[in-house]
Amino acid sequence: MGNCLSSTQSAVNPNVISKNRKALPIDASFKLPAPLPSWPPGEGFGNGVIDLGDGLQVCQVSSFNKVWATHEGGPDNLGASFFEPSQFPQGFSMLGSYSQPNNTLFYGWVLAGKDDSGSALKQPIDYTLVWSSEALRIKQDGVGYIWLPSPPDGYKAVGHVVTTSPQKPPLGKTRCVRSDLTDECEMDSWIWGPGKESDPNGFNVYSLLPRSRGTRAMGVCVGTFVAQNTLTAPVSLACVKNGVSNLSCMPNRNQIQTIFQAYSPWIYFHPDEQFLPSSVSWYFKNGAFLYRKGDESRPVPIESDGSNLPQGGAEDDMYWLDLPVDEGEKERVKKGNLQESQVYLHIKPMLGGTFTDVAVWVFYPFNGPSRAKVEFINIPLGKIGEHVGDWEHVTLRISNFNGELRGVYFSEHSGGAWVKPSELEFQDGNKAVTYSSLHGHAMYAKPGLVLQGRGGIGIRNDTAKSKKFMDTGTHSLVVAAEYLGTAINEPPWLDYSRKWGPKITYDISEEIKKVDKLLPGKLKSAFDKFVRSLPNEVLREEGPTGPKMKRNWAGDEV
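What counts as what
Residues numbered from 1 in each chain as written. Predicted model: local features only at pLDDT ≥ 70, side-chain atom pairs only at ≥ 80, totals over all residues. Heavy atoms only, no water. Helix = DSSP H or I, 4+ residues; strand = E, 2+ residues; numbered from the N terminus. Rg over C-alpha atoms; globule rule 2.2 N^0.38 Å. Contact = heavy atoms within 4.5 Å. Areas by Shrake-Rupley, 256 points an atom, 1.4 Å probe, with all protein chains shown as cover. Lys, Arg positive; Asp, Glu negative; His and termini not counted. Charge placed at Lys NZ, Arg CZ, Asp CG, Glu CD. Core = buried A, V, L, I, M, F, W, Y, C linked by side-chain atoms within 4.5 Å. Buried < 20%, exposed > 50% of the residue type's maximum accessible area, 1.4 Å probe, protein only. Pairing = 2+ DSSP bridges. Axes fitted to C-alpha atoms, helices over the stretch in contact; angles between N-to-C directions. Salt bridge = Lys/Arg side-chain N within 4 Å of Asp/Glu carboxyl O.

Caption draft 1: Broad picture of the overall build of the protein. Looking only at helices and strands, the protein features six helices and 40 strands. Here the C-alpha radius of gyration of the protein, 26 Å, is about what a compact globule of 558 residues would show, namely 24 Å. Projected onto the principal axes, the alpha-carbon positions of the protein cover approximately 80 × 60 × 40 Å. If you take every contact in the protein between residues at least 6 apart in sequence, the share linking residues at least 24 apart comes to 70%. Carbon and sulfur atoms provide 49% of the accessible area of the protein, an area that totals close to 23,100 Å². Mean positive and mean negative side-chain charge positions of the protein (56 and 60 charges, respectively) differ by 4 Å.

What follows is the structure, encoded as structure tokens:
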């Protein structure tokens, strides 16, 4: 089960593959910069095998033999490679093949299954040829054939088999899973197609995820791919599921601490950033007020732990938080206090408890004004983008099989993106580097400019390294881990369901007019159209709700 990659020799057609092929990113395997730590004793975390119930055990295999590859089409037109798992632990069987685009370092895994009941897994009764590259005039290592196992009645296939021969694979090559131990899955990210982008009416290869994902969803990702001749057809494969909702493979408190010390991210702020984070308690102690609708003239100071905040309920515009009333104090608190800052951790099961998500929440007292780029002109946008209170986060996804980091999610305003470890920057071992954008605090994996817009017009998200940074491992607090029951005391402010800042609307036309004065005539209308297309969270001053009110608190990130 190591992280090694071996390759078998494939038949090579000299008419379709260059003898002097350039090395591709996938030709090298990615490894985390530092060895994994030794995990403190516990029940099932990091033990290599997870019991999904009803006689089905699974392990995560990351040793592969390369079966076939194509060298064009797919992301960056570099092709994709197809593998079958090798070096199974005793008693485990293949559930499907693995594929990955050639434009990234190799860092793959699939699940293998073991049947302890005699009925959880069965061999397929036949195979159906889904697709072959025989007729394609593309750069490839021989000819590839992708097969769909035909399961016995009451069973489902959870992965394809790839060969370089038109002969059907042996029936004992793979296993199908009993239907009651499976769940529905959906296509995730594009792996490959003959063209440079996905063709809805053509052949495509996609990675798979369980359709239902969240802290209560029990679908388990197998790590396999689906090959389809049209995207409109139902997905031909299933995923497995945790049939008994067993979360014994989740980390205990000591293991959580070790996980976060190993992977706690560094957050770098732009050198021009004025509005830095603080701890929630610092914000409350330094003059933040609770306001109630109809009684705005009598704001209430907030206890340092938020114990006098209204608890539960729903956002109803009845309460909100705001900065100190005194103008001098207001400007001071707006800037936050980096030395007094703290990140707040939510530990949650994901993908049927086979992964642990560590959501790392950061609080800022104030979100600064936006800036726009209109072709070659950079323009401050006045009040647009400003609001009191700002919550941002990154999420670490950890394999419960071995404790390895498998992805990092970066929140970017109302959206975000998962980034593979092979595409991250690391510092001080296995700690990912995160860049917080100037004023808006969106999180990114790389420094530079990300333009939120199109056609050369958009909101600037500028990031850069500076002497302003946060080592999240030194100031962190676990605020929630529901699966541990009462072991974690949630702070009262976590159940405050209303806005962390006031709602203030303003005349967007007046703000646009101020900017229009700075633009040449031909750019005025384009800029006006762009600004009016921005979401409400950008166009008006309105504080956000807290972390527990976000969809991703109980759900997946995307």
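Caption draft 2: Up close: the nonpolar core. One finds Leu 56, Leu 111 and Val 240 to be the most contacted residues of the largest nonpolar core, which totals 49 residues. Apart from residues lying up to four places away in sequence, Leu 56 is in contact with Ile 50, Asp 51, Lys 114, Ala 120, Leu 121, Val 177, Leu 181 and Val 240. Leu 32, Trp 39, Val 343 and Val 419 belong to the second-largest nonpolar core, a separate cluster that totals 38 residues.

Caption draft 3: Representation of the sheet that holds strand β25 (residues 343-350). Read across the sheet, six strands follow the order β31-β30-β29-β26-β25-β38 without closing on themselves; strand pairing throughout is mixed. The two strands at the open ends of the sheet, each matched to only one other strand, are β31 (415-419) and β38 (476-480). Ignoring strand direction, the axes of neighbouring strands in this sheet form an average angle of 25 degrees. Along the sheet, helix α1 (residues 253-263) makes contact with β25, β26 (355-367), β29 (387-399), β30 (405-412) and β38, crossing β29 at roughly 105 degrees.

Caption draft 4: The arrangement of the sheet that holds strand β8 (residues 110-115) in detail. Pairing within the open sheet is antiparallel, and its four strands lie in the order β2-β3-β8-β6. Each of the sheet's edge strands pairs with one partner strand only, and the pair in question is β2 (49-53) and β6 (93-94). With four bridges joining them, β2 and strand β3 (residues 56-61) adopt antiparallel strand pairing. When the bridges of β3 are listed, Gly 53 appears paired with Leu 56.

Caption draft 5: Quick look at the pattern of salt bridges. Taken as a whole and judged by the stated rule, the model has 23 salt bridges. Across the pair Arg 213 and Asp 556 runs a salt bridge whose closest N-O atoms are separated by 2.8 Å. In this pair, Arg 213 is assigned in the loop between β17 (204-210) and β18 (219-220) and Asp 556 in the segment after β40 (541-542), connecting sequence segments 343 residues apart. Neither residue differs from the other here; Arg 213 and Asp 556 are each classed as buried. With a shortest N-O distance of 2.6 Å, Asp 462 and Arg 460 are connected by a salt bridge. For Asp 462, a relative accessible area of 9% corresponds to the buried category. We classify Arg 460 as buried; its relative accessible area is 15%.

Caption draft 6: View of unusual backbone geometry. You will see that Asp 317, though not glycine, has its phi angle at about 65 degrees, which is positive. Checked against the element boundaries, Asp 317 lands in the loop between β23 (300-301) and β24 (319-322). Its identity is not glycine, yet His 441 carries a phi of approximately 65 degrees, on the positive side. With respect to the helices and strands, the residue His 441 is situated in the loop between β33 (431-436) and β34 (443-444).

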